[in-house]
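# Per-entry structural report
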Amino acid sequence: MPESNTSTIDNLSHETRSFAPSAEFVAHAIAKPEQYEAATADRLGYWADQARKNLTWDADFTETLDWSEAPVAKWFVGGKVNAAYNALDRHVEAGLGDRVAIHFEGEPGDTRSYTYAQLTEAVKQAANAFESLGVAKGDRVAVYLPMIPEAVITMLACARIGAIHSVVFGGFSADALRSRIDDGEAKLVVTADGTFRRGKPSALKPAVDEALSTPGHTVENVLVVKRNGEDVNWTSLDKWWHEAVETASTEHTAVGHDSEHPLFVLYTSGTTGKPKGIIHTTGGYLTQASATHRDTFDLHPESDVFWCTADVGWVTGHSYVAYAPLINGATQIMYEGTPDSPHQGRWWEIVEKYGVTILYTAPTAIRTFMKWGRSIPDSYDLSSLRVLGSVGESINPEAWMWYRDVIGTNNGKNGERKEHPAPIVDTWWQTETGAHMIAPLPGVTATKPGSAQTPVPGITVDVVDEMGVSVANGEGGFLVIRDPWPGMLRGIWGDMDRYKDTYWSRFEGMYFAGDGAKRDEDGDIWLLGRVDDVMNVSGHRLSTTEIESSLVAHPYVAEAAVVGAKDETTGEAVVAFVILQIEPPEGEDVVATLRAHVGKDIGPIAKPRHILVVPELPKTRSGKIMRRLLKDVAEGREVGDATTLADNTVMTQIAESMRK
Ligand code: ATP
Ligand code: MG
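In this text, all values refer to a predicted model and were calculated from it rather than measured experimentally.

### Focus: the overall build of the protein chain
The helix and strand inventory of the protein chain stands at 20 helices and 29 strands. The buried share of the protein chain, taken over its 660 residues, is 64%. Considering only contacts in the protein chain between residues 6 or more positions apart, those separated by 24 or more positions represent 72%. Just so you have it, the protein chain exposes about 23600 Å², and 49% of that area is on carbon and sulfur atoms.

Now the structure itself:
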């Protein structure tokens, strides 16, 4: 390790395992190794092919990329395309109308399935209803719905008429909803009476009423889906969905919108500060979302059952629930509830029931399942699963191996094992990137626990030092994207200066993602956490992710979050917050054991100065750890903006454990 090095991040971990795909998987794989070569040889040609292959255009484009107004890109210039037509009508026209598009599983156990023909009709009705409420191309529609089919129907109906949807996660407060309504000047709000949470009705409508209770907003109508049947307060803006939408005509002709017409605005999850309203447009976004959905997950639309567990309130739920699976003509699952209701096997019950073949979820969920114990998934038949995905944070090698051994190897009840486990694809991307940027190809890449590995074909990712120079293998630095990509954001809504400052000012001509990364000896990329979170301990730049992974690998620890706290002698000191997995033996000094473990595992420099055992960690609503709040606590400061925190009581509990 270098004595003092401020331009890179020290390389701590020593993962050497890798798992090549089985010969059988390779034989049937959709994505081939030649795709990398084709994309490298002619990047723009590659994307132009993808655009023409994956989408049906009403007018072909005349130019693949216009970068003359960098950093705002125009992709597939002059092309006209309708997202909803591509997700729906064209599959029906191709004779696939009877294929199931969505199997909806309600939290109380009610179910609904929509074929492509039925979903197309539902979206046409919604498009007609929205238009008769005065919504036109370019208008903004705020969507505040639970995970029910109407959420997807609403998004696609907006896309169909060219209205711009702004989905606000249903768990957000009235204030968060109002600020997003105001920021986008939304004309219509689509919501529901409520949803179900842990077996009980849970209201949504009151938050909309509260959000709109003070004047000065732009909303003209509120459409209300009847979901949980609870009584709701009724205002002059409100209309029932079943009265306005389900009675509308099922005839609606989609017209092509400009490739660069805005498709949606979506706010980032707020782990690093005030959420940003990210703008995505149509042709490029749909091209990259559909290409990555097919290649990263090895999608065989005629036989796969795809399940992405993300809420439509996040970008993952936009790209890999509302858009790509339908563009690709796949059958997917949509589930309304939480993994623990009515029992901790609910997800595995769903996998077994529908024969899910591709599961896409987040490390926070996997770590939770680890905490609950493997006997739960072991008692279900998960033999249908053949590809497993991860997104949202780095997946610790420990959690990756558990995902593989427990979920990916399950071959039926009673612990039967598969000879060839399902490959795991760790996908790195952001709200800003629109679709996968770094991810293995499951039939090509030998996958490594904890690494996202390699840019997807057609994407140029690099790891650079402070001066913007590529680092050598074995070194860490800043993750950047060197060339414009189709799914890239086109700006921050209402704040183009912030767009340029945030992403384009750190390194000349490169997009700066805000994440730290390293290249291992094979050149594979490992995500190391936010660069703002990188700690500087006695001149060593240490990654939060690597120390967290080491802690999680100890049998005592279920989850860990690491931050650097100012320290007079070392610059910063490593402070770890851990949730225990098991009750340690009598008389055991947990803190000493864990410090020694990290010291042995990665080196004395990485030993946490303080380890705090806490009951919970502060997470965003999308399940990401909010380290900046823990840093505030560790440095004895007032806790910063916590508006996107899932559970407000967590920080109080942590402050209390701190005082003890
Ligand atoms: P904000 O930008 O408001 O702070 P956010 O960055 O958490 O919020 P998202 O766009 O939802 O909002 O998340 C993108 C970030 O999530 C990435 O920049 C990265 O830090 C992290 N991330 C996503 N996928 C992975 C992954 N596979 N491995 C490591 N980190 C990941
Ligand atoms: Mg971000």
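Additional details are given in the paragraphs that follow.
### Section: the pattern of salt bridges
When charged atoms on two side chains of opposite charge get close, those side chains can pair. All told, the structure shown has 44 salt bridges when counted by the stated rule. Taking the shortest distance from any N to any O, the salt bridge between Asp238 and Lys205 comes out at 2.6 Å. Placement of the pair is Asp238 in strand S12 (residues 238-240) and Lys205 in helix H8 (residues 205-211), with a sequence separation of 33 residues. Between Asp295 and Arg294 there is a salt bridge, and its shortest N-O distance comes to 2.8 Å. One exposure class covers both Asp295 and Arg294, and it is buried. Salt bridges sharing common partners tie together Arg367, Lys371, Glu393, Glu548, Glu559, Lys619 and Arg627.

### Section: the site of ligand 1
Neighbouring ligand 1 are 20 residues; Thr268, Thr271, Thr272, Thr431 and Lys624 lie closest to it. Contact distances for ligand 1 include 2.7 Å between an oxygen atom and a side-chain N or O atom of Ser269. Between Arg530 and ligand 1, the recorded distance is 2.9 Å, taken from a side-chain N or O atom to an oxygen atom. A total of 640 Å² of accessible area belongs to ligand 1 in isolation, and the protein chains cover 94% of it. Mapped by element, the contributors of at least two residues to the shell around ligand 1 are strand S20 (424-427) and strand S24 (525-530). Residue composition of the shell around ligand 1, by class: three nonpolar, ten polar and seven charged.

### A closer look at the nonpolar core
If you look at the biggest cluster of nonpolar residues, it comprises 134 residues, and the most contacted ones within it are Phe130, Tyr323 and Leu479. In terms of residue count, the dominant contributor to this core is helix H6 (residues 149-161) (nine residues). Each residue touching Leu479, except ones within four places of it in the same chain, is listed here: Trp428, Ile438, Val461, Asp462, Val463, Tyr511, Phe512, Ala513, Asp515, Ala517, Ile525 and Leu527. Residues Val351, Tyr354, Met370 and Trp400 belong to the second largest nonpolar core, which totals 31 residues.

### Things to note about the packing of H6 against helix H11 (residues 315-327)
Closest axis-to-axis distance for the H6/H11 pair is 11 Å, and the angle between their directions is 65 degrees. Considering how the two elements wind past one another, H6 and H11 form a crossing that is right-handed. From H6, Val152, Met155, Leu156 and Ala159 reach across to H11, where they touch His318, Val321, Ala322, Tyr323 and Leu326. Each residue belonging to the contact of H6 with H11 can be placed in one class, and the counts come to eight nonpolar, one polar and no charged.

### Remarks on the state of the cysteines
Here is the idea: a disulfide is a covalent bond, and it sits between the sulfur atoms of two cysteines. Within the structure shown, the criterion is met by zero disulfides. A disulfide-free cysteine, Cys158 has its sulfur positioned 20 Å from the sulfur of Cys308, the nearest such atom. What makes Cys158 buried here is its relative accessible area of 0%.

### A word on the environment of Ala176
Mapped onto the elements, Ala176 comes out in helix H7 (residues 174-184). We classify Ala176 as buried; its relative accessible area is 11%. Sequence spacing of Ala176 and Asp58 is 118 residues, and the spatial spacing of their C-alpha atoms is 38 Å.

### A closer look at the domain arrangement of the protein chain
Along its sequence, the protein chain is organised into domain 1 (461-530) and domain 2 (534-659). Distance from the C-alpha centre of domain 1 to the C-alpha centre of domain 2: 26 Å. The interface of domain 1 with domain 2 comprises six residues on the first partner and seven residues on the second. Surface buried jointly by domain 1 and domain 2 totals about 460 Å² across both partners, of which 40% is contributed by carbon and sulfur atoms. On the surface where domain 1 and domain 2 come into contact, there are one salt bridge. In this structure, the connection of domain 1 to domain 2 is made through five residue pairs in polar contact (both at pLDDT 80 or more). Considering every element that reaches the side of domain 1 that touches domain 2, the biggest residue donor is S24, with four residues.

### Re the pairing of strand S19 (residues 387-391)
Working note: regular strand, side chains alternate between the two faces of the sheet. Where burial is concerned, most of S19 is hidden: five out of the five residues are buried. Alternating residues of S19 divide into Val387, Gly389 and Val391 and Leu388 and Ser390, and every residue in both groups is buried. Direction of pairing for strand S18 (residues 358-361) relative to S19: parallel, over a ladder of four bridges. Note on S19: the bridge partner recorded for Tyr360 is Gly389. Note that S19 and S20 share four bridges and pair parallel.

### Section: helix H12 (residues 346-354)
Looking at H12, one finds that the buried residues are Arg346, Trp347, Trp348, Ile350, Val351 and Tyr354. Looking one or two places after H12, you find Gly355, whose phi comes out positive at around 65 degrees.

### A word on the packing of helix H13 (residues 363-372) against helix H15 (residues 397-408)
One can describe the packing of H13 onto H15 by two numbers: an axis separation of 10 Å at closest approach and a directional angle of 70 degrees. Considering their axes alone, H13 and H15 lie roughly perpendicular with respect to each other. Residue-level inspection shows Ile366, Arg367, Phe369 and Met370 of H13 in contact with H15, the latter providing Glu398, Ala399, Trp402 and Tyr403. Tallied by class, the residues present in the contact of H13 with H15 amount to six nonpolar, no polar and two charged.

Definitions and cut-offs
Counting from 1, residues in each chain are numbered in the order their sequence is written. In the order they appear in the text, chains get letters beginning with A and ligands get numbers beginning with 1. Given that this is a predicted model, residues contribute local features only at a pLDDT of at least 70 and side-chain atom pairs are listed and counted only at 80 or more, while totals for whole chains, interfaces and linings are drawn from all residues. The side-chain values count all of the structure's non-hydrogen atoms but skip hydrogen atoms and water molecules. A helix here means a DSSP run of H or I that spans at least four residues, while a strand means a run of E at least two residues long, and both kinds are numbered starting from the N terminus. Only protein chains enter the area calculation, which uses a 1.4 Å probe; residues under 20% of their type maximum are buried, those over 50% are exposed, and those in between are partly exposed. Note on contacts: a residue pair is in contact if any heavy atoms of the two residues lie within 4.5 Å. The Shrake-Rupley method, run with a 1.4 Å probe, gives the accessible areas here. Residue values count only the displayed protein chains as cover. Salt bridge, as applied in this entry: a Lys or Arg side-chain nitrogen positioned within 4 Å of an Asp or Glu carboxyl oxygen. Put simply, a residue is near a molecule or strand once any heavy atom of it comes within 4 Å of that molecule or strand. The term polar contact refers here to a pair of N or O atoms within 3.5 Å; inside protein, the definition further demands a hydrogen-donor-capable atom paired with an acceptor-capable atom, and it admits residues adjacent in sequence only when both atoms are side-chain atoms. Three classes are used, and their members are as follows: Ala, Val, Leu, Ile, Met, Phe, Trp, Tyr, Cys and Pro are nonpolar, Asp, Glu, Lys and Arg are charged, and the others, Gly among them, are polar. Among the buried residues, those of types Ala, Val, Leu, Ile, Met, Phe, Trp, Tyr and Cys that are joined through side-chain atoms within 4.5 Å form a nonpolar core. Here, axes are lines fitted to C-alpha atoms. For helices the fit covers the stretch in contact, and angles between N-to-C directions go from 0 to 180 degrees. The hand of a helix crossing depends on one turn: near helix anticlockwise from the far one by less than a right angle means left-handed, and clockwise means right-handed. The disulfide definition used here is simple: a pair of cysteine sulfur atoms within 2.5 Å. For each domain, the first and last residues come from an automatic or database assignment. The buried area of a pairing is the accessible area, by a 1.4 Å probe, that goes missing from both parts when the two are put together, added over both. For two strands to pair, DSSP has to find at least two bridges joining them. Any angle between 65 and 115 degrees counts as roughly perpendicular, while under 35 counts as roughly parallel, over 145 as roughly antiparallel, and the rest as oblique.

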